[in-house]
Amino acid sequence: MKTFSNILASACCTLLALQSVAAITLDVNDQNSIKQAASTAAYKMVSFYQGNVSGATPGLLPQPYYWWEAGGMFGALIDYWYYTGDAQYNNITSQALLWQVGPDKNYNPPNQSKDMGNDDQCFWAVAAMRAAEINFPNPPSDQPQWLALAQAVFNSEADRWDNTSCGGGLRWQVYPFEQGYNYKNSISNGCFFNLASRLAAYTLNTTYSDWAAKAWDWTYNVGLISSTYDIYDGSDDTLNCTEFNHIQWTYNSGIFTHGAATMWNLTGDDIWKERAIGLWNASNVFFTGNANQVMYEVACEPQSNCDNDQLSFKAYFSRWMAASLKVAPFLEASMKPYLITSAQAAAQQCNGGSDGSTCGIHWTASTWDGTTGVGQQMSALEVFQSLLIDNVQGPLTHKTGGTSVGNPSAGTGGDTNPISPTKSITGGDKAGAGIVTFLMIVGLISGAWWMIA
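Conventions we followed
Residues numbered from 1 in each chain as written. Predicted model: local features only at pLDDT ≥ 70, side-chain atom pairs only at ≥ 80, totals over all residues. Heavy atoms only, no water. UniProt positions renumbered as here; feature names shortened; annotations may be inferred. Helix = DSSP H or I, 4+ residues; strand = E, 2+ residues; numbered from the N terminus. Buried < 20%, exposed > 50% of the residue type's maximum accessible area, 1.4 Å probe, protein only. Areas by Shrake-Rupley, 256 points an atom, 1.4 Å probe, with all protein chains shown as cover. Contact = heavy atoms within 4.5 Å. Disulfide = S-S within 2.5 Å. Expected span 1.5 Å × (residues − 1). Axes fitted to C-alpha atoms, helices over the stretch in contact; angles between N-to-C directions. Parallel < 35°, antiparallel > 145°, perpendicular 65-115°, else oblique. Left-handed = near helix turned anticlockwise from the far one by under 90°. Nonpolar A, V, L, I, M, F, W, Y, C, P; charged D, E, K, R; others polar. Polar contact = N/O pair within 3.5 Å; in protein donor to acceptor, adjacent residues only side chain to side chain.

Going by the annotation in an unreviewed UniProt entry, the name recorded for the protein is Mannan endo-1,6-alpha-mannosidase, with Myriangium duriaei CBS 260.36 given as the source organism. Of the comments in the UniProt record for the protein, the one headed Sequence similarities (unreviewed entry) reads "Belongs to the glycosyl hydrolase 76 family."

What follows is the structure, given as structure tokens:
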């Protein structure tokens, strides 16, 4: 990767240094206003990233941010280019996405493998999938290609499908020595479902759509998706998934809704339309404030105890709501007003800090809440740019102009189990999108049934 990795995106750094910032104002009826709001939020978000500085590791956010969230951030920057046409962050995005692929080119790099979760790996894969769907500039021919990277993660995770308990499903963690290996959770299975549905749409290969249906059926039949389409966090496979952690997160709702909407677009089957609508209707738990249309993280935001992971969840919810509209237009009338109202509310939280444009997380408050971070900026960015969804083309396929090169056998070599650590894994060591499962269950949900000491 020497040729490509030498591109340190110095131009991006110069732009960051020169760009002026001001409090975000948003006119939802003015595309230029929306693009300016997105630009300001993106600028602040990228200011937290130092991976393009000489001597730093591309693709990594500084502590205390975990590896998976960097994948989420670069997915947001791919969308930023898609919605606004502004390419100033494309170099650092491509550099990061290629640096973190690992020797097996499946987003399981050695510097993260001892803490690897199926959800963590998949967050990088859906960023690569998005790059393929929208013809984000392809990597050099001697580098892994976006579609092949998404296929590699899909194949790696399909190989891990576990029938030894709960009738199937993906475990949260990849390796048996990891804390949380006995947990089967919705975000790992939901991300796999989402990725499979989009690979099916892009390639028209029924292997992927069959796996998407299998992942949905398992998640629903085991009870992680209820009969009313509430999505629960997960279950312990040592109990054969007979009891559930009933905590609900926005990103679970978003990732399943987008997957179901994609499957409807691909198949035309009314069952997927019913599921997409059911999931969207159940997501009303995540809205409050003005006309009950302001997005919030119901499990932690009211108590102001969201951790760094959770502070970014609304970004992915906004992202997948907008993406759902592009493949399932029947959701437009009911869903779009929530994006508009949430974006207006988020703009009111972007008037803080010394720059006057720092975003907080409490969108129901009319002034900045005093918080700052990658998650807050990413959430604002995604909900702003989602308002431009009607002005961009839908996801491409290999038959409609998609240019990314795939490799259906990528990632089929199996996992190389890293050397087990000499000390026990602690909560402080764990990096994962679902780490909140262990840290907050009892404090947030009465009747939760287990927690880590």
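There's more to say after this.
S.K.: Give me the overall build of the protein: which residues, what numbers.
M.R.: The helix and strand tally for the protein stands at 15 helices and 4 strands. Here the protein holds 453 residues, and the buried ones make up 62% of them. Working note: accessible area of the protein is about 16,000 Å², and carbon and sulfur atoms make up 50% of it.

S.K.: Describe in detail unusual backbone geometry, supporting the description with residues and values.
M.R.: Going from Gln63 to Pro64, the amide bond is cis rather than trans, its omega being 10 degrees. Topologically, Pro64 is positioned in the loop between helix H3 (31-46) and helix H4 (67-84). Located in the positive-phi region is Tyr107, a residue other than glycine, with phi close to 55 degrees. Its relative accessible area of 0% is what places Tyr107 among the buried residues. A positive phi angle is found at Cys166, which is not glycine, with a value near 60 degrees. Owing to a relative accessible area of 9%, Cys166 belongs among the buried residues under this scheme.

S.K.: Pulling in residues and values, what's your account of the side chain of Ser186?
M.R.: You can see Ser186 is positioned in helix H8 (residues 186-203). Taking the relative accessible area as the measure of exposure, Ser186 reaches 0% and is therefore buried. Among residues more than four places away in sequence, those in contact with Ser186 are Cys191, Leu224, Ile231, Tyr232, Asp233, Gly234, Asn252 and Phe256.

S.K.: Any chance you could break down the state of the cysteines for me, citing the residues and the numbers?
M.R.: According to the stated counting rule, one finds 4 disulfides in the structure shown. Between the sulfur atoms of Cys166 and its disulfide mate Cys241 the distance is 2.1 Å. Judged by the sign of its S-S torsion, about 80 degrees, the bond between Cys166 and Cys241 is right-handed. With a gap of 75 residues between them, Cys166 in the loop between helix H7 (146-159) and strand E1 (183-185) and Cys241 in the loop between strand E2 (234-236) and helix H10 (250-267) connect regions that are remote in the sequence. The disulfide that involves Cys350 links it to Cys359, with 2.0 Å between the sulfurs. Its S-S torsion of approximately 110 degrees makes the covalent link between Cys350 and Cys359 right-handed. Both residues of the pair, Cys350 and Cys359, belong to the buried class. When the bonded cysteines of the protein are counted from the start of the sequence, the pairing works out to 1-3, 2-4, 5-6, 7-8.

S.K.: Could you give me a rundown of H10, with the residues and numbers involved?
M.R.: In a regular helix each residue adds 1.5 Å, so 18 residues correspond to 26 Å; H10 covers 26 Å between its end C-alpha atoms and thus fits that length. A large share of H10 lies buried, amounting to 14 of its 18 residues. Looking at the residues trailing H10, positive phi occurs at Gly268, about 70 degrees.

S.K.: Could you give an account of the packing of H10 against helix H12 (residues 313-327), with specific residues and numbers?
M.R.: At a minimum axis separation of 8 Å, H10 and H12 run at an interaxial angle of 15 degrees. If you check the angle between H10 and H12, you find them roughly parallel. For the pair H10 and H12, the crossing hand works out as left-handed. Seen from H10, the contacting residues are Thr250, Tyr251, Ser253, Gly254, Ile255, Thr257, His258, Ala261, Thr262, Trp264 and Asn265; seen from H12, they are Phe313, Lys314, Tyr316, Phe317, Trp320, Ala323, Ser324 and Val327. Among the residues making up the contact of H10 with H12, the classes are represented as 10 nonpolar, 8 polar and 1 charged.

S.K.: Talk me through helix H9 (residues 206-222); I want residue IDs and the actual numbers.
M.R.: Its 17 residues give H9 an end-to-end C-alpha distance of 24 Å, which sits within 8% of 24 Å, the value for a rise of 1.5 Å per residue. Those residues of H9 that sit buried are Tyr208, Ser209, Trp211, Ala212, Ala215, Trp216, Trp218, Thr219 and Val222. Turning to H9, the residues buried within the fold contact H7, E1, H8, H10 and helix H11 (270-282). The distance from a side-chain oxygen at the start of H9 to the backbone nitrogen of Thr207 is 2.8 Å, and the residue carrying that oxygen is Asn205. Once H9 finishes, Gly223 follows within two positions and takes phi at roughly 105 degrees, a positive value.

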